[in-house]
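Next come the chains, spelled out residue by residue.
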Amino acid sequence: MSDTDSEPTYGVARYLAVEHVDSPTFTPAGRLLFLSDASGTPQVWTVDAAGAWPERLTPHEERVSTVAASPTDEAFVFGMDSGSDERDQLFHHDLRTGAETPLTDAPGSKHAWGAWDPDGDRIAYAANREDDGRFDVYVQRVGAGGGDGYGEPTKVHEGPGGWLNVATFGPRGDRLALTKPRSSYDVELSLLDLESGDRRTLSDGEAATYSHLHFDGDGGLYCVTNRGADTAHVGRFDLESGELEKVAGGDGNRSGEPGTDAWDVGALAYDRDAGRAVFARNENGYSAVRAGTLRGTEFEPSASPDVDGIASEFVFGPDAERVAFTHTAPTEPYGVAVAAWGEREATDWTPVGTNGVPPESFREPETIRYGMFDGREIPAYWTLPEGASAEAPVPVVVDVHGGPEHQRRPWFHPTKQFFLNRGYAVLEPNVRGSSGYGRTYASLDDVEKRMDSVADVAAAVEWLDGRPEVDSDRVVAYGRSYGGFMVLAAITEYPDLWAAAVDFVGIADFTTFLKNTGEWRRSHREAEYGSLEDDYEFLKSISPLSRVENVRCPLFVQHGANDPRVPVGEAEQVVEAVREQGVPVEKLIFEDEGHHTTSRENLVEEFEAIAGFLDEHV
Ligand SMILES: CSCC[C@H](NC(C)=O)C(=O)N[C@@H](C)C(=O)N[C@@H](CO)C(=O)O
């Protein structure tokens, strides 16, 4: 804890108990459903109006990861895994009777939610039921009108191996739009004819992303894509010709540098009957919402919800008269907001408390950029605790996000506010390879350029050196998943910079990670990191485990035994190797968790242990 005790401190349990609300979906009658972790794990809840008392609909202990209301019935499907293993099963919940029906009973398989058919009597999804390394497409009857029409999963298409997603049904329910991510920036888009089984590829073979797919009912398919550009925009396929036209957002002229005038568009929602669309532009992490009418390739902007912070997961209510979305900001916990169409004002329908922690004690970040060896600028968020000054310099947590195709954004993060309350400053660099700044920036860490991104972390500490309010002898490397790799790489490459390090579910050796990660995801990860076949020696050479003798700072390692992405063996081997160097290491492995710690109880234990570790060593 820092010496600036200018404000009272609060236990981490209070911060972790600040509810996280997201995943809005409307039933045909206009009931708002969403996920909330108020009970300790995410469950399905509903609320009738802004500020009304919410009602919990699913009674489970395990994490509910997805919820999708039926388009025709007062019912919903939800996905839930076991022990955070990401092997979701799907369930149907009838809101009229409260009946909950398991739809898939294959605990060893992952069922990735796809879509409802417009008639509300079938669902489609992808699953690796037959082969852990291959997702296939399934269609299943789920009982129109809550009847007894629950069918069995019916395989309608066998995938090529690896990931495969169902994006949406066509307007007549006779076809599906599928996406096959070969890598995070190379997605194959195709249409599957459910009557003939024929599949037609729409993507043109050039690496590009395609997401948020919506048929317009007039022979078109809307999407968010970066085809032919550095940033993502709204596009429309003419399904007869297969031609893709740009509709709105983004800018193909972007130089790939942060701060230029073009930003990615995301979170596109579209109501076919009303011809209404809403999406958000990601401007250096902050959202600018754009709403309007969309017919053909003509987007006519209309009044859009004014949002501070981040808006995502837009969904239209009945007749597109309302739009709900997930909202958060640095000092505003995640919640679901609703705006009437054509209005600028959005109302938070799920206001959450802060358990006695004064909201005014939450700290806002400053957006900064720091220079790098190649002349680039690295965007980052910089947040100081209360009382930091040259007279009372503070310790710093350098928090590196995972992915690496991911972006740290100015959302509410309870444990970040917890560390700020304990007097730590927090620096969150979006190092090269991060998404959100164009595909050129995202490719700057691929394979042989991996260690350039680690140099970006070291440069962050150099930037800190120039700050009078920072105690440069008390800088902590901190990161999750790929960010955990970055922590281990930073303390082995630049050992003298760090007072301590915290690695959550991090990669310690790329060769064992790629060998042992879930079979369905290996090729996707090799596209980012390099392949075992072609790059084995290189991957071994850059792996932190190969230079663990350089570690000087105490290390905290956290993992979950059920992690299907970064196997727990990564934690075990790095703990053993660093301990052999005589360096203090603390290990915390949850037998009932996976890549994310999902239970409130475990999270409290985790962060109380980390706070104690940092108090001891920083
Ligand atoms: C349909 S593409 C899925 C991307 C994939 N997601 C999952 C659930 O595996 C993925 O690679 N996500 C990254 C954020 C990820 O897990 N990256 C690291 C860990 O940070 C890795 O495993 O390489």
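In case you missed it, the structure is sitting above this.
Summary of the structure given here. Predicted, not measured: the structure shown is a model, and the values here were computed from it.

Looking at the overall build of the chain
When its secondary structure is counted, the chain shows 10 helices and 36 strands. Against the 2.2 N^0.38 benchmark of 25 Å for 618 residues, the chain shows a C-alpha radius of gyration of 24 Å, consistent with a compact globule. Expressed along its principal axes, the backbone C-alpha trace of the chain runs to roughly 65 × 55 × 45 Å. Counting all 618 residues of the chain, 61% fall into the buried class. Considering only residue pairs separated by 6 or more positions, the chain has 55% of its internal contacts joining residues 24 or more positions apart. Roughly 22,500 Å² of accessible area belongs to the chain as shown, and the carbon and sulfur atoms make up 44% of that amount. With 54 positive and 109 negative side-chain charges, the chain shows a spacing of 3 Å between the two charge centroids.

Examining empty space enclosed by the protein
Following the criterion strictly, the structure yields 2 cavities of 30 Å³ or more and no others. A volume near 40 Å³ is recorded for the largest cavity. Around the largest cavity, the lining residues are Val-278, Ala-291, Ala-303, Pro-305, Val-323, Ala-340, Trp-341, Gly-342 and Glu-343. When the residues that make up the lining of the largest cavity are grouped by side-chain class, the tally is 7 nonpolar, 1 polar and 1 charged.

Structural notes on the site of the ligand
Every one of the 14 residues lining the ligand counts as a neighbour, but Gly-403, Ser-481, Arg-521, Arg-525 and Tyr-529 are closest to it. The backbone of Gly-403 places a nitrogen or oxygen atom 2.6 Å from a nitrogen atom of the ligand. In the model, an oxygen atom of the ligand is placed 2.7 Å from a nitrogen or oxygen of the Tyr-529 side chain. A total of 560 Å² of accessible area belongs to the ligand in isolation, and the protein chains cover 79% of it. The dominant element in the shell around the ligand, judged by the number of residues it contributes, is helix H7 (residues 522-529), at 3 residues. For the shell around the ligand, a count of residues per class yields 5 nonpolar, 5 polar and 4 charged. Built from parts of two domains, the shell around the ligand gets at least three residues from each of domain 1 (20-348) and domain 2 (363-617).

A look at the packing of helix H4 (residues 450-465) against helix H5 (residues 482-493)
Packing of H4 against H5 leaves a shortest axis separation of 9 Å and a crossing angle of 75 degrees. Here H5 runs roughly perpendicular to H4, going by the angle between their axes. Residues Arg-450, Met-451, Ser-453, Val-454 and Val-457 of H4 form the contact with H5, whose own contacting residues are Tyr-482, Phe-485, Met-486, Ala-489, Ala-490 and Glu-493.

Thoughts on the sheet that holds strand E19 (residues 233-238)
Read from one edge of the open sheet, 4 strands run E17-E18-E19-E20, paired in antiparallel fashion. Every interior strand has two partners, whereas the edge strands, strand E17 (210-215) and strand E20 (244-248), have only one. On average, each strand axis in the sheet is inclined to that of its neighbour by 30 degrees, with strand direction left out of account. In this structure, E19 lies alongside E20, joined through 4 bridges in antiparallel fashion.

Here's the deal with the pattern of salt bridges
Under the definition given, this model contains 37 salt bridges. Of the charged contacts, one joins Asp-456 and Arg-432 as a salt bridge, the two residues approaching to 2.7 Å between their closest N and O atoms. With Asp-456 in helix H4 and Arg-432 in the loop between strand E32 (425-429) and helix H3 (439-442), this residue pair connects regions lying 24 residues apart in the sequence. Both residues of the pair, Asp-456 and Arg-432, count as buried. Within this structure, Glu-130, Arg-134, Asp-136, Lys-155 and Glu-158 form a network of salt bridges that share partners.

What counts, and where the lines are drawn
- Residues numbered from 1 in each chain as written.
- Predicted model: local features only at pLDDT ≥ 70, side-chain atom pairs only at ≥ 80, totals over all residues.
- Heavy atoms only, no water.
- Helix = DSSP H or I, 4+ residues; strand = E, 2+ residues; numbered from the N terminus.
- Rg over C-alpha atoms; globule rule 2.2 N^0.38 Å.
- Buried < 20%, exposed > 50% of the residue type's maximum accessible area, 1.4 Å probe, protein only.
- Contact = heavy atoms within 4.5 Å.
- Areas by Shrake-Rupley, 256 points an atom, 1.4 Å probe, with all protein chains shown as cover.
- Lys, Arg positive; Asp, Glu negative; His and termini not counted.
- Charge placed at Lys NZ, Arg CZ, Asp CG, Glu CD.
- 1 Å grid on protein atoms, 1.4 Å probe; cavity = no way out; pocket = protein on both sides within 12 Å on 5 of 7 lines; lining within 4 Å.
- Points joined across faces, edges and corners; volume = space filled by probe spheres on them.
- Nonpolar A, V, L, I, M, F, W, Y, C, P; charged D, E, K, R; others polar.
- Near = heavy atom within 4 Å.
- Polar contact = N/O pair within 3.5 Å; in protein donor to acceptor, adjacent residues only side chain to side chain.
- Domains from an automatic or database assignment.
- Axes fitted to C-alpha atoms, helices over the stretch in contact; angles between N-to-C directions.
- Parallel < 35°, antiparallel > 145°, perpendicular 65-115°, else oblique.
- Pairing = 2+ DSSP bridges.
- Salt bridge = Lys/Arg side-chain N within 4 Å of Asp/Glu carboxyl O.

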